[in-house]
Amino acid sequence: RLFGKLGWQVSVLGFGCMRFPKTEAGRIDVPAAERMVKYAVEQGVNYLDTAYVYHEGESEHFLGEILKGGWRQKVHLATKLPCWEAKTPLDFDRLLNEQLQKLQTDYIDVYLLHALDGQSWQRMRGLGVLEWLCKIKTEGKVRAIGFSFHDCFEVFKEIIDAYEDWDVCQIQYNYMNQNYQAGTRGLEYAAARRLGVV
């Protein structure tokens with residue numbers, strides 16, 4: 001499907017990298033997880049979603065390792081800035097650079113502010129995150145910017161309306177969530193403003 005105003009063609013199903021198979025020791029079962037990811041990509045899945053905290057910080061490192069050898073170029077890779085880890089504006093670059101290193105890539109396709117709600121949105125905005133997002137996109141470190149979201153529709157609308165350069169949003173949505181959090185209204189609101197919606 002066309003991914004909002006970005007013009008990218010992304011697979012209808014993405015691959016979430018938060019719950020890989022684990023070994024008895026609780027680490028990612030690398031052979032099993034690698035087979036899963038590569039099988040999905042071979043079948044046409046081209047959107048991979050991870051985050052700084054997934055698998056206690058191992059998910060990004062795992063993807064960086066297995067996407068070598070041409071696999072990175074086959075996918076749109078999404079990860080997230082852990083907003084709760086950013087205490088000062090200097091933390092933004094530190095965290096992004098750490099993620100780029102773990103993912104073994106020069107750029108991230110989709111960079112999301114992780115798990116925004118009303119409180120974290122106000123705090124991040126006060127730290128100057130919108131100006132920083134514009135900077136890293138201009139520098140080519142990220143290709144698209146957005147946010148993942150867990151709050152009510154009114155907060156969702158406020159966040160979208162506050163910044164005209166959002167490219168993507170990620171919401172909790174399934175047949176049980178049509179009226180929960182952003183819900184169907186949020187899905188339609190974001191799509192009408194040409195955001196890619198995950």
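Keep in mind that what you see is a predicted model, and the values were worked out from it rather than measured. (Residues numbered from 1 in each chain as written. Predicted model: local features only at pLDDT ≥ 70, side-chain atom pairs only at ≥ 80, totals over all residues. Heavy atoms only, no water.)

Another aspect to go through is the overall build of the protein chain. What the protein chain contains, in helices and strands, is seven helices and seven strands. What you see in the protein chain, going N to C, is helices and strands ordered as β-α-β-α-β-α-β-α-α-β-α-β-α-β. Computed over its C-alpha atoms, the radius of gyration of the protein chain comes to 16 Å, within 12% of the 16 Å expected for a compact globule of 198 residues. Dimensions of the protein chain, computed from C-alpha atoms along their principal axes, come out at roughly 45 × 40 × 35 Å. Expressed as a percentage of its 198 residues, the buried residues of the protein chain come to 51%. Counting contacts in the protein chain only where the partners sit at least 6 residues apart, residues at least 24 apart contribute 72% of the total. (Helix = DSSP H or I, 4+ residues; strand = E, 2+ residues; numbered from the N terminus. Rg over C-alpha atoms; globule rule 2.2 N^0.38 Å. Buried < 20%, exposed > 50% of the residue type's maximum accessible area, 1.4 Å probe, protein only. Contact = heavy atoms within 4.5 Å.)

Evaluation of the coordinates by the stated rule reveals 14 salt bridges. The closest approach of N and O atoms between Glu65 and Lys68, which form a salt bridge, is 3.2 Å. Beyond isolated ion pairs, a larger network of salt bridges with shared partners links Asp93, Lys135, Glu139 and Lys141. (Salt bridge = Lys/Arg side-chain N within 4 Å of Asp/Glu carboxyl O.)

The angle between the axes and the distance between the axes are what describe a pair of packed helices. The interhelical angle for the contact between helix H3 (residues 90–103) and helix H5 (residues 129–138), taken along N-to-C directions, is 40°, at an axis separation of 10 Å. It follows from the interaxial angle that H3 and H5 lie oblique. In the crossing of H3 with H5, the sense of the turn from one axis to the other is right-handed. For the pair H3 and H5, the contacting residues are Phe92, Asp93 and Leu96 in the first and Val129, Trp132, Lys135 and Ile136 in the second. (Axes fitted to C-alpha atoms, helices over the stretch in contact; angles between N-to-C directions. Parallel < 35°, antiparallel > 145°, perpendicular 65-115°, else oblique. Left-handed = near helix turned anticlockwise from the far one by under 90°.)

Under the counting rule described, the total for this entry stands at 13 aromatic pairs. When the centroid spacing of 5.6 Å and the interplanar angle of 65° are considered together, the rings of Phe3 and Tyr47 count as edge-to-face. With Phe3 in the segment before strand E1 (15–16) and Tyr47 in strand E2 (residues 47–49), the pair connects residues that are 44 residues apart, well separated along the chain. Here the two residues Phe3 and Tyr47 agree in accessibility, since each one is buried. Taken together, a centroid distance of 6.3 Å and an interplanar angle of 50° make the contact between Trp121 and Trp166 tilted. Here Trp121 is found in helix H4 (residues 118–126), whereas its partner Trp166 is found in the loop between helix H6 (153–161) and strand E6 (168–171), with 45 residues between them in sequence. When its relative accessible area of 0% is taken as the criterion, Trp121 is described as buried. (Phe/Tyr/Trp six-rings, centres within 6.5 Å; stacked < 30°, edge-to-face > 60°.)

As a further point, take the sheet that holds E2. Read from one edge to the other, the open sheet built from seven strands follows the order E1-E2-E3-E4-E5-E6-E7, with strand pairing classed as parallel. This sheet does not close on itself; its edge strands, each paired only once, are E1 and strand E7 (196–197). Summarising the sheet, E6 and E7 pair through two bridges and their orientation is parallel. Following the sheet pairing, Cys169 is matched in E7 by Val197. Packing of H3 onto the sheet brings it into contact with strand E3 (76–81), strand E4 (108–116) and strand E5 (142–149), and relative to E3 it is tilted by some 145°. (Pairing = 2+ DSSP bridges.)

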